[in-house]
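# Tertiary structure, described
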4 protein chains.
Amino acid sequence: MNGLSPRTLWYLEHLTPDLVQASSVRQVIFEGDTPYQHVQVLETGSFGRMLVLDGKTQSSESDEWVYHEALVQPVMVAHANPRRVMVAGGGEGATIREVLRHGTVEEVVMVDLDKAVVDLCREHLPAHHQGSFDDPRVSLLHEDALAYLEQRETPFDVIIIDVPDPLEGGPAYLLFTVEFYELVRSRLAPGGLMVAQSGPTGPTTVREVFTAIARTMERVFDEVSGYDVHIPSFGMTWGFIACGGPDAPNVSAMSDTEVDARVRERIASGLRFYDGTAHRGMFGLPKFVREAVAAEKRIITRDNPVFAV
Amino acid sequence: MNGLSPRTLWYLEHLTPDLVQASSVRQVIFEGDTPYQHVQVLETGSFGRMLVLDGKTQSSESDEWVYHEALVQPVMVAHANPRRVMVAGGGEGATIREVLRHGTVEEVVMVDLDKAVVDLCREHLPAHHQGSFDDPRVSLLHEDALAYLEQRETPFDVIIIDVPDPLEGGPAYLLFTVEFYELVRSRLAPGGLMVAQSGPTGPTTVREVFTAIARTMERVFDEVSGYDVHIPSFGMTWGFIACGGPDAPNVSAMSDTEVDARVRERIASGLRFYDGTAHRGMFGLPKFVREAVAAEKRIITRDNPVFAV
Amino acid sequence: MNGLSPRTLWYLEHLTPDLVQASSVRQVIFEGDTPYQHVQVLETGSFGRMLVLDGKTQSSESDEWVYHEALVQPVMVAHANPRRVMVAGGGEGATIREVLRHGTVEEVVMVDLDKAVVDLCREHLPAHHQGSFDDPRVSLLHEDALAYLEQRETPFDVIIIDVPDPLEGGPAYLLFTVEFYELVRSRLAPGGLMVAQSGPTGPTTVREVFTAIARTMERVFDEVSGYDVHIPSFGMTWGFIACGGPDAPNVSAMSDTEVDARVRERIASGLRFYDGTAHRGMFGLPKFVREAVAAEKRIITRDNPVFAV
Amino acid sequence: MNGLSPRTLWYLEHLTPDLVQASSVRQVIFEGDTPYQHVQVLETGSFGRMLVLDGKTQSSESDEWVYHEALVQPVMVAHANPRRVMVAGGGEGATIREVLRHGTVEEVVMVDLDKAVVDLCREHLPAHHQGSFDDPRVSLLHEDALAYLEQRETPFDVIIIDVPDPLEGGPAYLLFTVEFYELVRSRLAPGGLMVAQSGPTGPTTVREVFTAIARTMERVFDEVSGYDVHIPSFGMTWGFIACGGPDAPNVSAMSDTEVDARVRERIASGLRFYDGTAHRGMFGLPKFVREAVAAEKRIITRDNPVFAV
């Protein structure tokens, strides 16, 4: 495999200072700055159309469905009757797309700080959102998710945190703190569930943020279930953590057949990654990941935040 | 994460013509040619010490234990009493290291065509083999695995195929054919199991070789169970397939507690990736992988081989 | 100098199979195909706006004036009264810009096969052409330069060959043959001069095409004077060769003061690279370049063309 | 030229934050740290064997003779009778090799701070030094060039400054100051000449250090003649400046025939780059270089040093 692509333009992403992933670029659909971040929409040879924020890949056409089904479906399927759902972040519109598959849903509030990014995704990533922004059940708000939750009165059945990594100086790091999770918990209805994208889970990366997020959530929630899935365009296995109060269903304990039955009940078609077997696979974390979480001591607070590298 | 490592030497691997993984190199331990292949032993910034054959990463210090535990432990643990084990390939010595953890083992025959690679690994990859080549139960042969099996009389309990990808012109492609699997089956003792590394399983790569290997094995074996795991230094999720005759245990059906009980019984210590939960996780393949296998039509034969890209 | 630019898009050009030049890309102004070639107009961090044809840099804002003054001025200045000038190629419009500096010029015929490239340059490279296409003395033709010359009756005082390298399968290689140079000679007025861009002149590259072009021209012309100049965006020193008949001025023999006097006479302002001292510098070729030309045996013909690598 | 070399190891050098030169690496001959700097000796596909200090290419087998002949020969040839010569730096041994070509030479004092680099060059770069270190006329000292000159009593006919770029924190920046040049001048015999490598001279790089060095030398010396030459492995045109007192020959004013006559007189064979024509070429600096020097205001002092980027 020594032939270089005839393409001469490449997108380089430093996964770590010692590891670079380079993708050939067929077209730069958009590049520019919003008030919050640097945005690129790229057509790549390896992953199709990609959204990149501040030099980090957010999702790609070739595998966004792995990421978004993995993020959304476990908690949505585990919840007996998800009617009100909040999504923090999720600018591509694919997170709400997955939520809207559930016929039970009556209200989806998507709160994404960066209107410009959402507008760009709406225009340039139709394969991601598939028209979900136009669903009458969706309210789209451009404000701080934390501020929104503070004043929200009606509780949610499911809250999905799909914000960028907690970068130093970035807009998202306050949404990875014990204070934020306490706020989330107070806004969940009985039996409610939260899930959050929680950073990489590889042997050399799991201690960056995943273990600290898991430990922090364990301070606040009764049920905390980590899981992960490989996202090729990230060049990494990515972690998610589902949480609930004492009356919440245990997401990780669902059997293949329970998951498949509920999917059959609720979702007509369209899932490509997720079903009962895949659910089982995601929650079967390697021993080293579980041991790293068990050994973690950090609790993330506003005063002691963690930052992704 | 925009700071480039101060390192100026980089190892570039084309995962596909449109995707390159670049790792900083701290030291070139060895580079040269054997009669069969080009060999590099590199000390990298991202993955520690790595073995590269013909420009493809074979394993790295930082995650070889994920690969080798995933390859070896499911079949070894599933087998009630593995005494005679054959390893085809496995030059680093880490495959036999995993086999030798089982106190039941009396004989390990490792057949690796390329003596020069094995000698290099023995010298330069001590953290991989951990002295396993010196175990008196191990016979090390440098010949063609196919020719060896043809003349072998005593059957094996477990046969492990850990050879490089089926590259065009490379030494390994004949070990990915229906003819070879029939030979393997004829050399398995009753209740015997085979497992083979079977190529990548990502959304854009699973159809390269994994699905065809799975279909080909289904022609020959009664029980065929695919599974996968993410190997960071490969930049990919990697597939394995375990197979057995009608009297063989069903590897994928073992429960967490059965796996954990057997590991406790047989293995004193040392596993970092594998246990009952991880076993469950590996066999929980995503829906798209299982659907791709189901849709596959190719059966690999000597006359119609498949080649990895 | 280890800090990587925060830019994540890079343009990679293989100068040789073992040497790559990578420039950060601020904006892809245009990328697409014409009937003749693949075209990119890139805004780079290192060289400003660049024109790339078939993956090879043609010129950049940061140093096109070095290239174009070096190509055009020696023959134009050496000619006592250049009135009719032909330019073959030169799509950016900077070659005619340099020609038009001479008040003596009455007619410039620019023959560039690829109308699409010229239109793109006109739109996207205003700093290159500076409006020269609108000069009433310019006729712009989109046809084969060879066919044009064959039917041209009025002879030219100066003919400038500014076509891409002689790539195999590309449009330009026939313009680097003894047959073409004979045609050019037949269309020069008494005292007329030709100049052609003639490929790289480095220690490892001068034998690729420069020496063969020089030898081929020596078959046809009486005065043949090679010279070179370093073009940073090419990552190389680039060669040019000026030729004339028996009655033509010897371009290389002009003294500093003769050049400066003629520039002062003819050109009001605008030269940044060229003057008498620079003229002397360009024609002072290194010993190894002159020895390589002297040792060259190849004569380029239609039947035995040479191709740039 | 889209085919990637089958080589998988590459040496990357940031020429600027926006420009990277990548060379395939056939062998890492040496990599390690001395008390003063990080050293790499690399066998590259594009330039042969290379010496790299602190991530910057110092010289390569394929073009070191261009660099070293250009550095040494103009002043050596211009001097009527160079008997005593000092070289500051020049670790590869190629600078003294060029000096020793002159039969007039009786004493060469080479002062290079970093013994470890010199030892490595002696062992690994035989094509560079060609045994010059063993010439009985050579004294090799490992100390600070400035301290050595301060206590030196017998004056030199020629002093050659071949030290690395003035990097911040590096060992060489004090050898690019008005104070150092005054010291050099005081140690030159009547008619003596100094030359120094003086940084890049491209359109975007000439103002980094070349112009300031030139202006600083003009404060101290009567005759100051800048010149440059392209070094492919540097990816740049490189500048040198020759200086002398009131009684020194004007290096730049030598004619082709004067240079050739003196070379014939003194040097039996071996020059590949330099002769009378090449001399003329080097001193014919482009207009923009001379204008940049004329416009420069910085005078480099110990208290106001300049640093290469």
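Residues numbered from 1 in each chain as written. Chains lettered and ligands numbered in written order. Predicted model: local features only at pLDDT ≥ 70, side-chain atom pairs only at ≥ 80, totals over all residues. Heavy atoms only, no water.

What chain A contains, in helices and strands, is ten helices and twelve strands. Expressed as lengths along the three principal axes of its C-alpha atoms, the size of chain A is roughly 55 × 45 × 40 Å. Expressed as a percentage of the 309 residues in chain A, the buried residues total 65%. Considering only contacts within chain A whose residues lie at least 6 apart along the sequence, 67% involve residues at least 24 apart. For chain A, the accessible area works out to roughly 10,400 Å², and carbon and sulfur atoms hold 47% of it. Between the averaged position of the 27 positive side-chain charges in chain A and that of its 44 negative side-chain charges there is a distance of 4 Å. (Helix = DSSP H or I, 4+ residues; strand = E, 2+ residues; numbered from the N terminus. Buried < 20%, exposed > 50% of the residue type's maximum accessible area, 1.4 Å probe, protein only. Contact = heavy atoms within 4.5 Å. Areas by Shrake-Rupley, 256 points an atom, 1.4 Å probe, with all protein chains shown as cover. Lys, Arg positive; Asp, Glu negative; His and termini not counted. Charge placed at Lys NZ, Arg CZ, Asp CG, Glu CD.)

With that settled, consider the side chain of A:Asp114. Residues and elements named next belong to chain A. Looking at the secondary structure, you find Asp 114 in the loop between strand S7 (107-111) and helix H3 (115-124). Within the buried core, Asp 114 has no salt-bridge partner, and the shortest N-O distance to an opposite charge, that of Lys 115, equals 9.1 Å. Of note is the side chain of Asp 114, whose polar atom sits 2.7 Å from the side chain of Thr 34. Not counting residues within four places of it along the chain, the set of residues in contact with Asp 114 comprises Thr 34, Tyr 36, Gln 37 and His 142. (Salt bridge = Lys/Arg side-chain N within 4 Å of Asp/Glu carboxyl O. Polar contact = N/O pair within 3.5 Å; in protein donor to acceptor, adjacent residues only side chain to side chain.)

It is worth spelling out the relation of the copies chain C and chain D at this point. Mapping chain C onto chain D is achieved by rotating through 180° and translating by 0.0 Å along the same axis, at an RMSD of 0.0 Å. Between the two chains, the operation in question is that of a two-fold axis. Using C-alpha coordinates, one finds that chain C approaches the rotation axis most closely at C:Gly281, a distance of 1.9 Å. Counting the interface residues of chain C, we find that 100% of their copies in chain D are interface residues as well, pointing to one common contact surface. (Least-squares fit on C-alpha atoms with pLDDT ≥ 70 in both.)

Glancing now at the pairing of strand S2 (residues 19-33) of chain B. Of the strand pairs in this sheet, strand S2 (residues 19-33) of chain A and S2(B) are connected by five bridges, and their pairing is antiparallel. In the strand pairing of S2(B), A:Leu19 is matched with B:Ser23. Where strand S1 (residues 9-16) of chain B and S2(B) come together, six bridges link them in antiparallel fashion. In the strand pairing of S2(B), B:Trp10 is matched with B:Ser24. Hairpin remark: S1(B) followed by S2(B), antiparallel, with two residues in the connecting loop. Inspection of the sheet shows S2(B) paired to strand S3 (residues 38-44) of chain B by seven bridges, in the antiparallel sense. (Pairing = 2+ DSSP bridges.)

With that out of the way, let us pick up the interface of chain C and chain D. In this assembly, 49 residues from chain C lie in contact with 50 residues from chain D. When the two sides are added together, the surface that chain C and chain D hide from each other amounts to roughly 3,800 Å², 59% of it contributed by carbon and sulfur. In this structure, the connection of chain C to chain D is made through four salt bridges. A salt bridge links C:Asp275 to D:Arg290, with the nearest nitrogen and oxygen atoms 2.7 Å apart. There are 17 residue pairs in polar contact (both at pLDDT 80 or more) connecting chain C and chain D. Elements that contribute at least two residues to the side of chain C that touches chain D include exactly strand S1 (9-16), strand S2 (19-33), helix H1 (64-78), strand S12 (236-244), helix H9 (276-283) and helix H10 (287-295) of chain C. For the side of chain C that touches chain D, the element with the highest residue contribution is S2(C), accounting for seven residues. (Buried area = accessible area lost by both parts, 1.4 Å probe.)

In any sheet, the strands associate via hydrogen bonds between backbone groups, in a parallel or an antiparallel arrangement. All names here are of chain D. Taken together, seven strands build an open sheet; the order of strands is S8-S7-S6-S9-S10-S12-S11 and the sheet is mixed. Here the strands that pair on one side only, and so sit at the sheet edges, are strand S8 (138-141) and strand S11 (223-231). Along the sheet, successive strands turn relative to each other by an average axial angle of 15°, direction set aside. Pairing analysis gives six bridges linking strand S10 (residues 188-200) to strand S12 (residues 236-244), with the strands arranged antiparallel. Counted as the bridge partner of Ala 196 is Ile 241 from S12. Packed on one face of the sheet, helix H6 (residues 178-186) meets strand S9 (156-162) and S10 and runs near 150° to S10. (Axes fitted to C-alpha atoms, helices over the stretch in contact; angles between N-to-C directions.)

What follows deals with the packing of helix H1 (residues 64-78) of chain A against helix H8 (residues 256-266) of chain A. All names here are of chain A. The geometry of H1 relative to H8 is characterised by a closest axis approach of 10 Å and an angle of 90° between their N-to-C directions. Taken as axis vectors, H1 and H8 run roughly perpendicular relative to one another. Contacts between H1 and H8 involve Met 76, Val 77 and Ala 78 from the former and Val 259, Arg 262, Val 263 and Arg 266 from the latter. (Parallel < 35°, antiparallel > 145°, perpendicular 65-115°, else oblique.)

Below, the discussion takes up the confidence of the model for chain A. In low-pLDDT segments, the atomic positions of the prediction should not be examined closely. All names here are of chain A. Taken as a whole, chain A shows an average pLDDT of 94; of its residues, 98% reach a score of 70 or greater. In the model, residues 1-5 has pLDDT below 50 throughout and makes 19 contacts with residues more than four positions away in sequence or in other chains. In the predicted assembly, ipTM is 0.94 and pTM is 0.91. (pLDDT = per-residue confidence, 0-100.)

So, about unusual backbone geometry. Most peptide bonds adopt trans geometry, and most residues besides glycine take a negative phi value. If you check the backbone angles, C:Asp54 has positive phi at about 45° while not being a glycine. Position of C:Asp54 relative to the elements: it lies in the loop between strand S4 (48-53) and strand S5 (56-60). Given the relative accessible area of 34%, C:Asp54 is considered partly exposed. A positive phi is found at D:Gln130, a non-glycine position, where the angle reads about 50°. Following the sequence through the fold, D:Gln130 ends up in the loop between helix H4 (126-129) and S8.

Moving on: helix H9 (residues 276-283) of chain A. Of all eight residues making up H9(A), seven are buried, and the element is well covered by its neighbours. Along H9(A), the residues classified as buried are A:Gly276, A:Thr277, A:Ala278, A:His279, A:Gly281, A:Met282 and A:Phe283. On the buried face of H9(A), the contacting elements are H1, strand S11 (223-231) and H8 of chain A together with helix H9 (276-283) and helix H10 (287-295) of chain B. The N-terminus of H9(A) is capped by A:Asp275, whose side-chain oxygen sits 3.2 Å from the backbone nitrogen of A:Thr277.

Moving on: the sheet that holds strand S11 (residues 223-231) of chain C. Residues and elements named next belong to chain C. What the seven strands build is an open sheet, ordered S8-S7-S6-S9-S10-S12-S11; its pairing is mixed. At either margin of the open sheet sits one strand with a lone partner, and together these are strand S8 (138-141) and S11. On average, each strand axis in the sheet is tilted by 15° relative to the strand beside it, whichever way the strands run. Bridge count for S11 against S12 is nine bridges, and the pairing is antiparallel. The residue bridging Asp 228 from the neighbouring strand is Gly 239, located in S12.

With that settled, the discussion passes to the packing of aromatic side chains. Enumeration over the complete set of coordinates arrives at 32 aromatic pairs over all chains. Taken together, a centroid distance of 5.2 Å and an interplanar angle of 90° make the contact between A:Trp65 and B:Phe288 edge-to-face. With one member in each of two chains, A:Trp65 in helix H1 and B:Phe288 in helix H10 form a pair that bridges those chains. Between B:Tyr173 and B:Phe307 the ring centres are 5.3 Å apart and the planes differ by 65°, which places this aromatic pair in the edge-to-face class. Placement of B:Tyr173 in the loop between strand S9 (156-162) and helix H6 (178-186) and of B:Phe307 in the segment after H10 is noted, with a sequence separation of 134 residues between them. Note on B:Phe307: relative accessible area 28%, which makes it partly exposed. Among the aromatic residues, those joined into a cluster by ring pairs are A:Tyr67, A:Tyr227, A:Phe234, A:Trp238, A:Phe240 and A:Phe283. Over the aromatic face of B:Trp65 sits the side chain of B:Arg272, whose NZ or CZ is 4.0 Å from the ring centroid. (Phe/Tyr/Trp six-rings, centres within 6.5 Å; stacked < 30°, edge-to-face > 60°. Lys NZ or Arg CZ within 6 Å of the ring centre and 35° of its normal.)

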